[in-house]
Amino acid sequence: MFNIGAAELILILLIAFVVVGPKDLPKMARALGRFVRYIRTMIEEVKRETGFDEVAEELRGVERDVKQTIKEADVRPDLQKTERELNKEFRDIEKDVSFKEFKENNKTGGK
């Protein structure tokens, strides 16, 4: 939820230590922990009551379906295969034509 690194955590603890004092720091930490737990509980309750989780999961399912449909509708692999096959055919035809010309030139004596 929060992206707090070690340096930030140490800085927060030092500021809390100076502001609250060493004697009351454990009490404040417990109170803060209870408050965070209370807020998380309230957020989960709102999600349950509004059905937000179900809607979000349904949207993720729709997203997966759309991505799968796009993947299945992609004709690029078929086009690339057809292009390779056509290129092979063209090369074969080119070889045949070149060989026929060579044979004809040899029959006529290279004229």
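Residues numbered from 1 in each chain as written. Predicted model: local features only at pLDDT ≥ 70, side-chain atom pairs only at ≥ 80, totals over all residues. Heavy atoms only, no water.

Undergrad: In this structure, what is going on with the overall build of the protein chain? I would like to understand it.
TA: Broken down by element type, the protein chain carries 4 helices and 0 strands. In the protein chain, the succession of helices and strands from N to C terminus is α-α-α-α. Looking at the protein chain residue by residue over its 111 residues, the buried ones come to 4%. By element, 62% of the accessible surface of the protein chain is carried by carbon and sulfur atoms, the whole surface being about 10600 Å². (Helix = DSSP H or I, 4+ residues; strand = E, 2+ residues; numbered from the N terminus. Buried < 20%, exposed > 50% of the residue type's maximum accessible area, 1.4 Å probe, protein only. Areas by Shrake-Rupley, 256 points an atom, 1.4 Å probe, with all protein chains shown as cover.)

Undergrad: What is the right way to read the pattern of salt bridges from this model?
TA: Opposite charge on two side chains allows them to pair when their charged atoms are near. By the definition in use, this model includes 7 salt bridges. Note that Arg60 is salt-bridged to Glu57, the shortest N-O span being 3.2 Å. With Arg60 and Glu57 both in helix H3 (residues 52-73), this residue pair falls 3 residues apart, about one helical turn. Here Glu57 ties to Arg64 by a salt bridge, and the two come within 3.6 Å at their closest N and O atoms. (Salt bridge = Lys/Arg side-chain N within 4 Å of Asp/Glu carboxyl O.)

Undergrad: When you look at the layout of surface pockets in this model, what are you seeing that I'm missing?
TA: The gaps of empty space that remain are located by a probe, the size of a water molecule, rolled over the atoms. If you add up the space inside the largest pocket, you get close to 350 Å³. Residue assignment for the lining of the largest pocket shows that the elements contributing at least two residues are helix H1 (6-20) and helix H2 (25-50). Here the lining of the largest pocket takes 5 residues from H1, the largest share from any one element. (1 Å grid on protein atoms, 1.4 Å probe; cavity = no way out; pocket = protein on both sides within 12 Å on 5 of 7 lines; lining within 4 Å. Points joined across faces, edges and corners; volume = space filled by probe spheres on them.)

Undergrad: How should H2 be read in this particular structure?
TA: For the α-helix, the turn length of 3.6 residues means that residues three or four positions removed from each other point alike. Its 26 residues give H2 an end-to-end C-alpha distance of 37 Å, which sits within 8% of 38 Å, the value for a rise of 1.5 Å per residue. A positive backbone phi angle near 75 degrees is found at Gly51, which sits one or two residues after H2. (Expected span 1.5 Å × (residues − 1).)

Undergrad: Quick question: what am I supposed to make of a nonpolar patch on the surface here?
TA: Side chains of Leu32, Phe35, Val36, Tyr38, Ile39, Met42 and Ile43 sit close together on the surface and give an oily, nonpolar patch of about 630 Å² of accessible area. Residue position: Ile39 is located in helix H2. Taking relative accessible area as the criterion, Ile39 reaches 34% and is therefore assigned partly exposed. (Patch = residues over 30% accessible without salt bridge, like charges linked within 9 Å, V, L, I, M, F, W, Y side chains within 5 Å.)

Undergrad: I'm lost on the environment of Lys47 in this one. Help?
TA: Within the element layout of this structure, Lys47 appears in helix H2. Residue contacts for Lys47: discarding those within four places in its chain leaves Phe52 and Asp53. (Contact = heavy atoms within 4.5 Å.)

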